[in-house]
Amino acid sequence: MTTPTDQAHGRDHGHRPLLNRRLAEFGTTIFAEMSALALSTGSINLGQGFPDTDGPEEIREAAVRALRDGRGNQYPPGPGVPELRTAIAAHQERFYGTSYDPGTEVLVTAGATEAVAASLLALVEPGDEVVALEPYYDSYAACIAMAGGTRVPVTLRPHEDRYVLDLDELRAAVTPRTRLLLLNTPHNPTGTVLSREELTAIAALAVERDLLVVTDEVYEHLVFDGEHIPLASLPGMRERTVTVSSAGKTFSFTGWKVGWITASPALVTAVRSAKQYLTYVSAGPFQYAVAEALRLPEAYFTGLREDLRAKRDLLSAGLADAGFEVYRPAGTYFVTTDIRPLGETDGFAFCRALPERCGVVAVPNAVFYDHREEGAPFVRFAFCKRTEVLQDAVARLKGLAGG
């Protein structure tokens, strides 16, 4: 019989752990832990990256209209509703000059997280190596593990006021077992936006070594310095790149979970083969609303970017005044800081104590690393909040500067 001790350790009747060994290293996400801490202490939550206001009213009303009209209330088509697939293709053409066939080269997913998961499950065999930039969004590691792949991190490191990619280190990480590069630009959590020079070198490496690439570009419209360049737009990359994006970050409706991929017909077919056994379909009425959102005028995208630029500058200045070393992000809505000027070295301990010290919650960057020591002194703050909330947080954090 199963004893209480067995139950406590997650063992079944055969004394084997209940959780698949591929996922054994992954516990409750740091976001859940820190958000719970924010609630229990009444702190300002700058840990988890979700806006504290909804997106455009006309897009919310478009979802209501779809619900009332009965559009999407039953299963939508597996690849996504035609209106959204057409809008996604038009978006890629409008902003980047890249042409995709909405019928064969676009797939709608349950957010970008499912898009990445389905891509890795479809394209990676057990034992394949997947090179990913470290620190990485936490789901990447779990998705690689579920696919049976081997994670090979290449570390972005701070240099002067930004995090940089060592292209020689990237090249050295690629072996005969490497199947795929998993990239994220604009990059969460560091805020780095890979330059044309860096992306051109990555593209040349992928072509030379015949690698597939999955590139997560969900922060594509949140670039404050430089420009966002889709990797698929570079020579030799169109047929080997799965480009991932979503509506959550661009339109501030993160709960809708509407994401997508654009890729060649062969890659879309492969990813759809895995995706259909995950959620099959999702977010029916919201798909129609996102189709309208993608057609919003240029002023919307510019306004979003400028609003977040001002919030980036507000929080970055406040963190610097509080004694942090600040790496001002070129994109995303996160600021990474170094806590060593405050006399601290352990990001986990610092973040767990911060709510009691200041009434603010942040996230330790070490959770995004395989090499935990590389990320130990770094802490991430989100600035996708109302200006008055950020001002309050900055006021609270000032107490750190005095010790």
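Please read all numbers here as calculations on a predicted model, not as lab measurements.

The next point concerns the sheet that holds strand β12 (residues 334-338). Strand order in the open sheet formed by four strands is β11-β12-β15-β14, and the pairing between neighbours is antiparallel. Bordering the open sheet on either side are β11 (325-327) and β14 (363-364), each of which pairs with just one other strand. Both β14 and strand β15 (residues 378-382) contribute to a ladder of two bridges, which runs antiparallel. Looking at the pairing, P364 lines up with V379 of β15. Sheet strands in contact with helix α12 (residues 298-321) are β11, β12 and β15, and its direction is about 15° off that of β12.

Time to look at the pairing of strand β4 (residues 150-155). For β4, a buried count of five out of six residues is recorded, marking the element as mostly surrounded by other parts of the structure. As paired elements, strand β3 (residues 129-134) and β4 share six bridges and run parallel to each other. Considered in β4, the bridge of V131 is made with V152. Between the parallel pair β3 and β4, the chain is carried across by helix α6 (residues 138-146), and the sense of this crossover is right-handed.

Attention now goes to the sheet that holds β4. Through backbone hydrogen bonds, the strands of a sheet pair up, either in parallel or in antiparallel fashion. One open sheet holds the seven strands; their spatial order is β2-β10-β9-β8-β7-β3-β4, and the pairing between them is mixed. Looking at strand neighbours, the two that pair on one side only are β2 (106-109) and β4, the edges of this open sheet. If you compare each strand with its neighbour and ignore which way they point, the axes differ by 20° on average. With five bridges joining them, strand β7 (residues 178-184) and strand β8 (residues 212-216) adopt parallel strand pairing. Bridging from a neighbouring strand, L181 pairs with V213 of β8. In this fold helix α5 (residues 111-123) packs onto β2, β7, β8, β9 (241-246) and β10 (259-262), with an angle of close to 160° to the strand it touches most, β9.

In this section: the packing of aromatic side chains. The relation between two aromatic rings is expressed through the spacing of the ring centres and the mutual angle of the planes. As enumerated under the stated definition, the model contains 19 aromatic pairs in all. Plain terms: the ring middles of Y219 and Y333 are 5.5 Å apart, the flat faces sit at 80° to each other, and that makes the pair edge-to-face. Of this pair, Y219 sits in the loop between β8 and β9 while Y333 sits in the loop between β11 and β12, and the two are 114 residues apart along the sequence. In terms of burial, Y219 and Y333 fall into one category: buried. Taken together, a centroid distance of 5.8 Å and an interplanar angle of 85° make the contact between F324 and F350 edge-to-face. One end of the pair, F324, is in the loop between α12 and β11; the other, F350, is in helix α13 (residues 347-358), with 26 residues separating them in the sequence.

Moving on to the UniProt feature "domain: Aminotransferase class I/classII large" (unreviewed entry) in the protein. Within the UniProt annotation, "domain: Aminotransferase class I/classII large" (unreviewed entry) is assigned to residues 44-396. Secondary structure across residues 44-396 divides into 41% helix and 18% strand, with the first and last C-alpha atoms of the span separated by 10 Å.

This paragraph deals with the nonpolar core. Judged by nonpolar contacts, the single largest core of 126 residues is most densely connected at L182 and F381. When residues no more than four places from it in sequence are discounted, the contact partners of L182 are V116, L120, V130, V131, A132, L133, Y140, I144 and V214.

Below, the discussion takes up helix α3 (residues 57-69). Between its terminal C-alpha atoms α3 stretches 18 Å, which fits the 18 Å expected from 13 residues at 1.5 Å a residue. The set of residues buried in α3 consists of I59, A62, A63 and A66. Projected down its long axis, α3 carries its buried residues within an arc of 100°, all on one side. Two residues or fewer past α3, G70 is found with a positive phi of approximately 75°.

Counting buried residues in β9 gives six out of six residues, a clear majority hidden from the surface. Burial along β9 is two-sided: T241, T243 and S245 and V242, V244 and S246, pointing in opposite directions, are all buried. For β8 and β9, the ladder comprises four bridges, and the chain directions are parallel. In the strand pairing of β9, D216 is matched with V244. Sheet analysis places β9 next to β10, joined by four bridges and oriented antiparallel. Bridged to S245 within β10 is W260.

To continue, consider the pattern of salt bridges. Here the structure, examined in full by the defined rule, presents 25 salt bridges. Among the salt bridges present, the one from R312 reaches D313, with a minimum N-O distance of 3.0 Å. The partly exposed category is assigned to D313, whose relative accessible area is 29%. For R357, the salt bridge is made with E344, and the minimal N-O distance between the two is 3.1 Å. In this pair, R357 sits in helix α13 while E344 sits in the loop between β12 and α13, placing the two residues 13 residues apart along the sequence. Classification of E344 as partly exposed rests on a relative accessible area of 23%. One network of salt bridges, in which partners are shared, links D225, R312, D313 and R328.

Parameters and conventions
- Residues numbered from 1 in each chain as written.
- Predicted model: local features only at pLDDT ≥ 70, side-chain atom pairs only at ≥ 80, totals over all residues.
- Heavy atoms only, no water.
- Pairing = 2+ DSSP bridges.
- Helix = DSSP H or I, 4+ residues; strand = E, 2+ residues; numbered from the N terminus.
- Contact = heavy atoms within 4.5 Å.
- Axes fitted to C-alpha atoms, helices over the stretch in contact; angles between N-to-C directions.
- Buried < 20%, exposed > 50% of the residue type's maximum accessible area, 1.4 Å probe, protein only.
- Right-handed = clockwise from strand over helix to strand, strands pointing away.
- Phe/Tyr/Trp six-rings, centres within 6.5 Å; stacked < 30°, edge-to-face > 60°.
- UniProt positions renumbered as here; feature names shortened; annotations may be inferred.
- Core = buried A, V, L, I, M, F, W, Y, C linked by side-chain atoms within 4.5 Å.
- Expected span 1.5 Å × (residues − 1).
- Arc of directions from axis to C-beta.
- Salt bridge = Lys/Arg side-chain N within 4 Å of Asp/Glu carboxyl O.

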